[in-house]
Amino acid sequence: MEAVARAGSTILGAVKKSDQRTRRDVRESLMELFAILDDWCDMAEETTLFLTPGTHPRDLDIAPRQMRAEVLPAILKDIDGLYTEKAPILVRWRASKRRQAARLSLRTLLKIYCPDLFDQVLNATEDRAEWILRYRAQVAAVPEFGEEHRALADDATATARALFAARARLREFIVATYSIGDIEHAAE
């Protein structure tokens, strides 16, 4: 937790030297990333419940949202969009300004000031995406209580835990870096 607080104060120090708008943009991007991870964790819980031995999918009256073909690309696009947010429209016409704005992305800030957090979030999301791609077709087709089902459920649980840990660490970072007053100030 102390390392998270140090990283948060370091990133705030760098952003404070910048303008208030940049500070607000970074905070909003971090909170949006948290919201995406939070939603993905909810979907991972649904999937885990769906795969729990002894639970029959028809009894749940749900199918894991995470397994729908359109969900994964949308989530990954949202995350990538946060990491590589486009330059404001007024600077897009000049290539040098566009490249400069791209270098000041959330991805760059996280890689510099809190690479462990960045790696944890990136690895958790990539591992879960790979699990979904690997097992999407098999989730409903795997017979319960078999070795294959157990391996599928164990992998689902492991990738879900990694997502939960990344979400918790991102939450700690946001709380250590920004006060609730920063959020109220932004509304003005």
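Each value, and the rule that gives it
Here, residues in each chain are numbered from 1, in the same order as that chain's written sequence. Local features are withheld for residues below a pLDDT of 70 in this predicted model, meaning they are given only at 70 or higher, and side-chain atom pairs are given and counted only at 80 or more; totals for whole chains, interfaces and linings count all residues. With hydrogens and water set aside, each side-chain value is computed from the structure's full complement of heavy atoms. Salt bridges are defined as contacts in which a side-chain nitrogen from Lys or Arg sits within 4 Å of a carboxyl oxygen from Asp or Glu. Secondary structure follows DSSP: runs of H or I at least 4 residues long count as helices, runs of E at least 2 residues long count as strands, and numbering of each begins at the N terminus. For each residue, the accessible area found with a 1.4 Å probe, counting protein chains only, is set against the maximum for its type, and the residue is called buried under 20%, exposed over 50%, and partly exposed in between. Only Phe, Tyr and Trp rings take part, Trp by its six-membered ring, and two of them pair if their centres are within 6.5 Å. Stacked means planes under 30 degrees apart, edge-to-face means over 60, and tilted covers everything else. Charge over a ring is defined by NZ of Lys or CZ of Arg lying within 6 Å of the ring centre and within 35 degrees of the ring normal. Between N-to-C directions, angles cover 0 to 180 degrees, with each direction set by a line fitted to C-alpha atoms, over the stretch in contact for helices. Between 65 and 115 degrees an angle is taken as roughly perpendicular, under 35 as roughly parallel, over 145 as roughly antiparallel, and anywhere else as oblique. Each crossing gets its handedness from the near helix: less than a right angle anticlockwise from the far helix is left-handed, clockwise is right-handed. Contacts: residue pairs with any heavy atoms within 4.5 Å of one another. Under the grouping applied here, Gly and all other residues not named as nonpolar or charged are polar, the nonpolar ones being Ala, Val, Leu, Ile, Met, Phe, Trp, Tyr, Cys and Pro and the charged ones Asp, Glu, Lys and Arg. A residue's pLDDT is the predictor's confidence in that residue, given on a scale from 0 to 100.

Colleague: I keep staring at the pattern of salt bridges and nothing clicks. Help me out?
Modeller: Should the charged atoms of two oppositely charged side chains come close, the side chains can pair. Inspection of every chain in the model, using the stated rule, returns four salt bridges. Of the charged contacts in the structure, one is a salt bridge between Arg107 and Asp80, with a shortest N-O distance of 3.1 Å. With Arg107 in helix α7 (residues 106–113) and Asp80 in helix α4 (residues 71–83), the pair connects residues that are 27 residues apart, well separated along the chain. Using a relative accessible area of 22% as the deciding quantity, one classes Arg107 as partly exposed.

Colleague: Mind showing me how you'd approach the packing of aromatic side chains here?
Modeller: The geometry of an aromatic ring pair is captured by two quantities: the separation of the ring centres and the angle between the planes. All told, the structure shown has one aromatic pair when counted by the stated rule. A cation over a ring is seen here: Arg128 above Trp131, with NZ or CZ 4.6 Å from the ring centre.

Colleague: I tried to follow the packing of helix α2 (residues 20–51) against helix α8 (residues 115–135) on my own but got confused; where do I start?
Modeller: Angle between the axes and distance between the axes are the two parameters that describe a pair of packed helices. Relative orientation of the contacting elements α2 and α8 amounts to 40 degrees, with a least axis distance of 12 Å. Taken together, the axes of α2 and α8 lie oblique to each other. For α2 against α8, the interelement crossing comes out left-handed. The segment α2 lies against α8, with Leu33, Leu37, Trp40, Ala44, Thr47 and Leu51 engaging Val121, Thr125, Arg128, Ala129, Trp131 and Ile132. Of the residues contributing to the contact of α2 with α8, the split by class is nine nonpolar, two polar and one charged.

Colleague: Looking at this structure, I do not really get the side chain of Thr159. What am I missing?
Modeller: Mapped onto the fold, Thr159 is located in helix α9 (residues 147–177). In this structure, Thr159 is in contact with Asp127, Arg128 and Trp131, ignoring residues within four places of it in sequence.

Colleague: Could you clarify how one ought to interpret the confidence of the model for the chain in this entry?
Modeller: Where the model shows low pLDDT, its predicted coordinates should not be examined in detail. Within the chain, residue pLDDT values average 76, and 65% of them lie at 70 or more. Taking the mean pLDDT of every element in the chain, the minimum, 46, falls on helix α5 (residues 89–92) and the maximum, 91, on α8.

Colleague: Is there a simple way to think about the environment of Glu45 in this case?
Modeller: Within the secondary structure, Glu45 is located in helix α2. Its relative accessible area of 47% is what places Glu45 among the partly exposed residues. C-alpha separation for the pair Glu45 and Arg161, spaced 116 residues apart in sequence, amounts to 9.6 Å.

Colleague: Looking at this structure, I do not really get the packing of α4 against α7. What am I missing?
Modeller: Taken N-terminus to C-terminus, the directions of α4 and α7 make an angle of 75 degrees; their axes are 6 Å apart at the nearest point. The pairing of α4 with α7 is recorded here as roughly perpendicular in orientation. Here Asp80, Leu82 and Tyr83 of α4 come into contact with α7, specifically with Leu106, Arg107 and Leu110. A class-by-class count of the residues in the contact of α4 with α7 yields four nonpolar, no polar and two charged.

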